Amino acid sequence: MATETTTETKAPVNDESPRSTGGMNRPGKFVKMIQARCQVCNPQGQGKRGWWENCEHDLYRHIEARPGAEQFEEREDGTIVKLDKPKLDYRKVYNWKQIADDPGISSARMVRIQRERGSKYPAELGLSPRCDYNNCWEKNPQVHVNRVFNIDEADAPVRGGDYHDRNEAAMMVLRLSQTPVYVGVGSDIRRRQLQLDEVNVV
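Computed from a predicted structure; not experimentally measured.

Asker: Is there a simple way to explain the pairing of strand 7 (residues 158–163) in this structure?
Answerer: On any regular strand, side chains alternate: one points to one face of the sheet, the next to the other face. Buried residues dominate strand 7, accounting for 5 of its 6 residues. Here 5 bridges tie strand 6 (residues 143–149) to strand 7, and the two strands are oriented antiparallel to one another. Bridge assignment links Val 145 to a residue of strand 7, and that residue is Gly 161.

Asker: For this particular structure, what's the right way to read helix 3 (residues 188–197)?
Answerer: Every α-helix winds through 3.6 residues per turn, so residues three or four apart in the chain are directed the same way. Those residues of helix 3 not exposed but buried are Arg 192, Gln 195 and Leu 196. Down the axis of helix 3, the buried set is contained in an arc of 95°. They therefore lie on one face. On its buried face, helix 3 sits against helix 2 (166–176).

Asker: Would you explain the pattern of salt bridges in this entry?
Answerer: Side-chain pairs of opposite charge can arise where the charged atoms are in close proximity. Taken as a whole and assessed by the stated rule, the structure comprises 9 salt bridges. Measuring nitrogen to oxygen at the nearest pair gives 2.8 Å for the salt bridge that ties Lys 29 to Asp 101. On the criterion of sequence distance, the pair formed by Lys 29 in the loop between strand 1 (13–14) and strand 2 (30–34) and Asp 101 in the loop between strand 5 (96–100) and helix 1 (110–116) is long-range, its members being 72 residues apart. Of the residues examined, Lys 29 reaches a relative accessible area of 3% and is grouped as buried. As a salt-bridge pair, Arg 115 and Glu 124 come within 2.5 Å of each other at their nearest N and O atoms. Residue Glu 124 is classed as partly exposed on the basis of its relative accessible area of 40%.

Asker: Just checking my understanding: could you explain the packing of helix 2 against helix 3 for this structure?
Answerer: Where helix 2 contacts helix 3, the two axes come as close as 9 Å, and the packing angle between them is 85°. Comparing the axis directions of helix 2 and helix 3 gives the class roughly perpendicular. Every residue of helix 3 that contacts helix 2 at Arg 166, Asn 167, Ala 170, Met 171 and Leu 174 is listed here: Arg 192, Gln 193, Gln 195, Leu 196 and Asp 197. The class makeup of the residues in the contact of helix 2 with helix 3 is 4 nonpolar, 3 polar and 3 charged.

Criteria and cut-off values
Residues numbered from 1 in each chain as written. Predicted model: local features only at pLDDT ≥ 70, side-chain atom pairs only at ≥ 80, totals over all residues. Heavy atoms only, no water. Buried < 20%, exposed > 50% of the residue type's maximum accessible area, 1.4 Å probe, protein only. Helix = DSSP H or I, 4+ residues; strand = E, 2+ residues; numbered from the N terminus. Pairing = 2+ DSSP bridges. Arc of directions from axis to C-beta. Contact = heavy atoms within 4.5 Å. Salt bridge = Lys/Arg side-chain N within 4 Å of Asp/Glu carboxyl O. Axes fitted to C-alpha atoms, helices over the stretch in contact; angles between N-to-C directions. Parallel < 35°, antiparallel > 145°, perpendicular 65-115°, else oblique. Nonpolar A, V, L, I, M, F, W, Y, C, P; charged D, E, K, R; others polar.

Encoded structure:
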């Protein structure tokens with residue numbers, strides 16, 4: 001009887017988060033978190049409440065294949081040949097997710113809901129914090145808005161957040177203060193910048 005052998009290779013862990021996209025015209029506070037996922041302990045999201053507390057699997061990371069990482073190969077004689085079937089490069093990546101912490105989205109309850117589902121902040125897993133601006137994934141944001149905003153639509157007060165530059169922080173102060181902001185198009189670009197420059201972000 002033929003026996004099946006399995007070769008175990010450990011995929012390198014990659015702590016990189018998604019690439020920053022978007023821009024100032026799509027303001028919103030989105031807290032970056034790492035989601036708990038496990039098809040064994042939480043199949044189709046139907047696991048018992050608190051399943052992540054006893055999960056023994058790598059629930060905050062998953063293996064990702066990067067096809068085409070090596071499209072060419074150099075032989076011993078120095079010639080370079082194109083591969084008919086590119087090799088696969090595997091890596092482990094964290095289950096990054098940006099969670100809305102915005103009064104206009106589910107009354108700013110989404111972060112609390114994610115915590116109740118086992119999601120963690122990056123620092124809890126030894127990772128650098130990320131910017132709180134929509135689609136901005138810059139590490140170690142340096143501009144901190146510690147002000148708390150009480151907004152009717154929110155279930156609880158909303159903290160201003162942490163941002164990687166002053167413009168993002170100023171934009172969110174205006175948004176959370178429910179102040180109309182100039183659209184960054186045409187002649188309004190300069191007007192908006194002047195508006196942002198006048199905001200006290202601390």
